[in-house]
Each structure stands twice: as structure tokens, then as C-alpha cells.
Amino acid sequence: MQMAMAGTIGTLVAHGKGILAADESQATIRRRFEPYEIEPTTENQRRYRQMLFTTPGLAEYISGVILYDETLRQHADDGRSFVALLAANGIVPGVKVDAGTRPLAGAPGESITEGLDGLRARLEEYRTLGARFAKWRAVITIGDGRPSSYCLDTNSHALARYTALCQEAGLVPIVEPEVLMDGTHSLERSFEVAEATLERVFAALRSQRVALEHLLLKPSMVVPGVDSPDQAGIQDVAEATVRCLRRAVPAAVPGIVFLSGGQDALLATAHLNAMNAMPAVHPPAVHPWPLSFSFARALQGPALDAWRGEPRNVPAGQRAFRHRARCNSAASEGRYSPEMEDPAAGTFVEQVRG
Ligand code: 13P
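Just so it is clear, the structure is predicted and the values come from calculations on it, not from any experiment.

Novice: For this particular structure, what's the right way to read unusual backbone geometry?
Specialist: Note on backbone geometry: most residues besides glycine have negative phi, and most peptide bonds are trans. The amide bond that connects Arg-146 to the next residue, Pro-147, takes the cis arrangement and shows omega of 5 degrees. In this fold, Pro-147 is placed in the loop between strand E6 (133–140) and helix H7 (149–169).

Right, here's the structure in full:
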């Protein structure tokens, strides 16, 4: 079991590769489709995922895909299950196993992630269906009096229970404590909360006897609140994120794959690149873990925008998706440059060249 998990982790964080998060729940995909007036029918969702998963050359940049329960059971037009199709291309299928967030009793404005009841049996079924890794997302908000210590503890406890059950089932757990970027907070406040969150999460993982060597961490980048008057530069975000991770994440963890959290797609790429291109924080050491991506919006946004639900736009959607996958692959090795982008991204190119 442990050998199998180690093998899966090696594949997932292979050099120059990252993970596509395509595990949007029904409610989330409805929100993503809405601006394009795409009907959120099961068939439209299936066609959208099929476009992404059949993108030519994808396996060069993408090592794994996180699926939603329903998608894990769906098939492509050629009759193959999505799981079989991905696996045939050397891409590891994974699955979101949490049941989403609900208000946390006694903590107004905060949430708890549900889904532990019956999880052992579900993990067994997911394994049988071909999933080799899993994901659980906890959500932490920054605001007046938030996050509460209570919220950090309950969410860390649930994350650790999920992680232990995954390892028992031989599925690699992706541990995702997302600190939301909603709000007006500063980069410094974001750093404080990210550090406190990671400390609690790792304390809970240790107390629940989890093997740190057999999990992947999926954190947010340390960015100021989206409505903060003080936005940070690319280098500032990269340095704050790496400093925070070095303080809080044990070197035993075999890989860190970031979520994009609603950042502009190109900016998320530039942040990841800056982290991997930075002269090591304490020379001559390199980062203790590979730093790669497990983006949903920052990989899919431009593809969805090109596709818009139209069958004739499938090649354009796939081109846009492959392009973001390629840029993020380069960023995971610190060799992305804005010149890789379309000239249409001119403003951004200038911003990055600074
Ligand atoms: P984003 O990259 O859009 O933040 O999504 C990642 C994810 O998996 C959320 O759970």
C-alpha cells in the first residue's frame, strides 16, 4: 500500500507536471457556466470535461486530474470511462471526497467541511473505480475576528481524519486548507493566517498518526485580500509564500501543489514561476519540496472562455487549455516567461517585465 502511494506521488509531482482540478460540484460548475449562458445539464458538463481530458498532448504537462463523483462515473463519446481514458494517457485519476462546506455552528461567517460519515466505504469504492488519490478542501476566511481558533481546530481535525482514512485505503490524500483571498486584509495578515492554519493542520495530522511522506499539500498562495488597497508585487507574493511554507511545512512532505483561489490565470502562473525561479531562500539550499500546481480556475478559465458550450469551439478550447498547462508546467520549473503568452496579454507582459 505504502509503495503504491509513493509511486502515485512520484507520478503526480514528476518534474514539469502538475494537477488539473476538474472536481467542481454541481453548484460550482453552474456558477462557472452562468456567464456564458451554458445550460448546466449533466450532458453539457460531460462534454466540457471530455474536451479538457481529450486535449492532445496534455500528458506532457498534466500528471493527474481531480474528478467529481459524478464525473468519475462518466464516459467519453468513444465509450471509454473518463478514468480509463486518463489512465491510458498516463494521467492519474483522483477524486474529491469531501461533501462541501456548511456553516460552522457557533462561529458566524465560518464554515466546516463535511463528508466524514461513511467515508471509509466510499474510499474503497473510489479505489475500485480506479481513483488513486483524493482531495478534501477546508475553507478558512479572514475578517473581523476570523479565523477563530475553533474554526482552525475543527477543520484541521476533519482534514486529518480524512487523511488517515485515505492512507488506510491506499489513496494518496491531497490536504487542502484554503485561506480565501476575499477581503481587504494585507499581505502580512494573509501570511499570519496561512502560517497559523498550516501549523494547526500539521499538528492534527501528527496527532492522528498520519504518514507525512504519503500526502500532498494543496495550500493557497500568500496574497493580500482581493479588495486590499495594498496589492503586492509578484516577487513579494512569491517570497511571502515560500517563507510561510518553510516555517510551517515539514520537509518530509513530498510535494506542494497550489490552488489558484480566484487569482488571474496569468498572475497565478507568474507567482508559481517566481517561487521556483527565486534564488533559494537560504543559499545554497533549494526548496525542500517540489512546488507545482493543482489549479482549477487558472487552468480552465481561458479554455471555458474559448469553448462557450459550442461543439465547433472544442479545438480552440483545447488550445487555450493546453497553453495554460504548458505555461504552468514551465512555471513549476522556474522557466516561464511572459513572452510565452499571446501578444493579446500585452498589459500583463509589461507588468511582469516591470
Ligand atoms: P482553484 O484553482 O480555482 O482555486 O480551485 C482549486 C481547487 O481544487 C478548489 O478546491
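Moving on, there is more to tell.
Novice: What's the story with the environment of Gly-100 in this structure? I'm lost.
Specialist: Secondary-structure assignment places Gly-100 in the loop between strand E3 (92–96) and strand E4 (101–103). On the basis of relative accessible area, Gly-100 is assigned to the buried category, the value being 18%.

Novice: Which parts of the structure should I look at to understand the site of the ligand?
Specialist: Taken together, Ala-21, Lys-135, Arg-137, Glu-176, Lys-218, Leu-259, Ser-260, Gly-261, Ser-294, Phe-295, Ala-296 and Arg-297 make up the full set of residues near the ligand. Measuring from an oxygen atom of the ligand, one finds a side-chain N or O atom of Lys-135 at 2.5 Å. With respect to the ligand, the backbone of Gly-261 contributes an N or O atom lying 2.6 Å from an oxygen atom. Protein contact buries 93% of the 300 Å² of open area that the ligand shows by itself. Where the shell around the ligand is concerned, the elements lending two or more residues are E6 and strand E10 (291–295). Of the residues assigned to the shell around the ligand, the class counts are 4 nonpolar, 3 polar and 5 charged.

Novice: Can you walk me through helix H9 (residues 234–248) in this structure?
Specialist: Helical geometry note: an α-helix holds 3.6 residues per turn, so side chains three or four residues apart project in the same direction. Taking 1.5 Å per residue, 15 residues should reach 21 Å; H9 reaches 21 Å between its end C-alpha atoms and fits that length. Among all positions in H9, only Ile-234, Val-237, Ala-238, Ala-240, Thr-241, Val-242, Cys-244, Leu-245 and Ala-248 are buried.

Novice: Can you walk me through the environment of Leu-259 in this structure?
Specialist: With respect to the element layout, Leu-259 can be found in the loop between strand E9 (256–258) and helix H10 (265–277). Beyond its immediate stretch of four places on either side in the chain, Leu-259 contacts Glu-176, Glu-178, Lys-218, Pro-219, Ser-220, Ser-294 and Phe-295.

Novice: What is the right way to read the pairing of strand E2 (residues 62–67) from this model?
Specialist: Side chains on a regular strand alternate between the two faces of the sheet. The element E2 is extensively covered by neighbouring structure, given that 6 of its 6 residues are classed as buried. Alignment of strand E1 (residues 18–22) against E2, held across 5 bridges, turns out to be parallel. Bridge pairing in E2 links Ala-22 to Leu-67. The sheet contact formed by E2 and E3 spans 4 bridges and is parallel. Its bridge partner lying in E3, Gly-64 is registered against Val-92.

Novice: How should the pattern of salt bridges be read in this particular structure?
Specialist: Side chains that differ in charge, positive against negative, can pair when their charged atoms come close. Within the structure shown, the criterion is met by 19 salt bridges. Of the charged contacts, one joins Arg-308 and Asp-305 as a salt bridge, the two residues approaching to 3.0 Å between their closest N and O atoms. For the salt bridge of Arg-324 with Glu-341, the shortest nitrogen-to-oxygen distance reads 2.8 Å. Within this pair, whereas Arg-324 is found in helix H12 (residues 314–331), its partner Glu-341 is found in the loop between H12 and helix H13 (346–353), the two being separated by 17 residues in sequence. Residue class for Arg-324 comes out buried when judged on its relative accessible area of 2%. Residues joined by salt bridges that share partners form a network here, namely Asp-23, Lys-135 and Glu-176.

Novice: Would you mind showing me how to read the nonpolar core here?
Specialist: Generally speaking, a soluble globular protein has its nonpolar side chains buried in company with each other. By size, the foremost hydrophobic cluster in this structure holds 91 residues, and its most contacted members are Phe-53 and Ile-62. With 14 residues, the next largest nonpolar core counts Ile-9, Leu-12, Val-92 and Ile-174 among its residues.

Novice: Just to check I follow, could you spell out the side chain of Ser-260 for this structure?
Specialist: Looking at the element boundaries, Ser-260 is found in the loop between E9 and H10. The contact partners of Ser-260, leaving out residues within four places of it in the chain, are Ala-268, Phe-295, Ala-296, Arg-297 and Ala-298.

Novice: Explanation requested: helix H8 (residues 187–207) in the structure shown.
Specialist: The end-to-end C-alpha distance of H8 is 30 Å, a good match for the 30 Å that 21 residues give at a rise of 1.5 Å each. All of the buried residues in H8 are Leu-187, Ser-190, Phe-191, Val-193, Ala-194, Glu-195, Thr-197, Leu-198, Val-201, Phe-202, Ala-204 and Leu-205. Immediately downstream of H8, the backbone of Arg-209 shows phi near 60 degrees, a positive value.

Novice: I keep staring at the pairing of E1 and nothing clicks. Help me out?
Specialist: The element E1 is largely enclosed, with a buried count of 5 among its 5 residues. Bridge analysis of E1 against E10 gives 2 bridges, and the strand direction is parallel. The partner of Ile-19 across the bridge, within E10, is Ser-294.

Novice: Just to check I follow, could you spell out the packing of helix H11 (residues 297–307) against H12 for this structure?
Specialist: Packed helices, taken two at a time, are described by their axes: the angle between them and the distance between them. Here H11 crosses H12 at 160 degrees, and the two axes come no closer than 7 Å. Here H11 lies roughly antiparallel to H12, going by the angle between them. Here H11 and H12 pass one another in a crossing that is right-handed. Where H11 approaches H12, its residues Ala-298, Leu-299, Pro-302, Ala-303, Ala-306 and Trp-307 are matched on the opposing element by Val-314, Ala-316, Gly-317, Ala-320, Phe-321, Arg-324, Ala-325 and Asn-328.

So, how was this worked out
- Residues numbered from 1 in each chain as written.
- Predicted model: local features only at pLDDT ≥ 70, side-chain atom pairs only at ≥ 80, totals over all residues.
- Heavy atoms only, no water.
- Helix = DSSP H or I, 4+ residues; strand = E, 2+ residues; numbered from the N terminus.
- Buried < 20%, exposed > 50% of the residue type's maximum accessible area, 1.4 Å probe, protein only.
- Near = heavy atom within 4 Å.
- Polar contact = N/O pair within 3.5 Å; in protein donor to acceptor, adjacent residues only side chain to side chain.
- Areas by Shrake-Rupley, 256 points an atom, 1.4 Å probe, with all protein chains shown as cover.
- Nonpolar A, V, L, I, M, F, W, Y, C, P; charged D, E, K, R; others polar.
- Expected span 1.5 Å × (residues − 1).
- Contact = heavy atoms within 4.5 Å.
- Pairing = 2+ DSSP bridges.
- Salt bridge = Lys/Arg side-chain N within 4 Å of Asp/Glu carboxyl O.
- Core = buried A, V, L, I, M, F, W, Y, C linked by side-chain atoms within 4.5 Å.
- Axes fitted to C-alpha atoms, helices over the stretch in contact; angles between N-to-C directions.
- Parallel < 35°, antiparallel > 145°, perpendicular 65-115°, else oblique.
- Left-handed = near helix turned anticlockwise from the far one by under 90°.

Coordinates in, geometry out; function isn't part of it.
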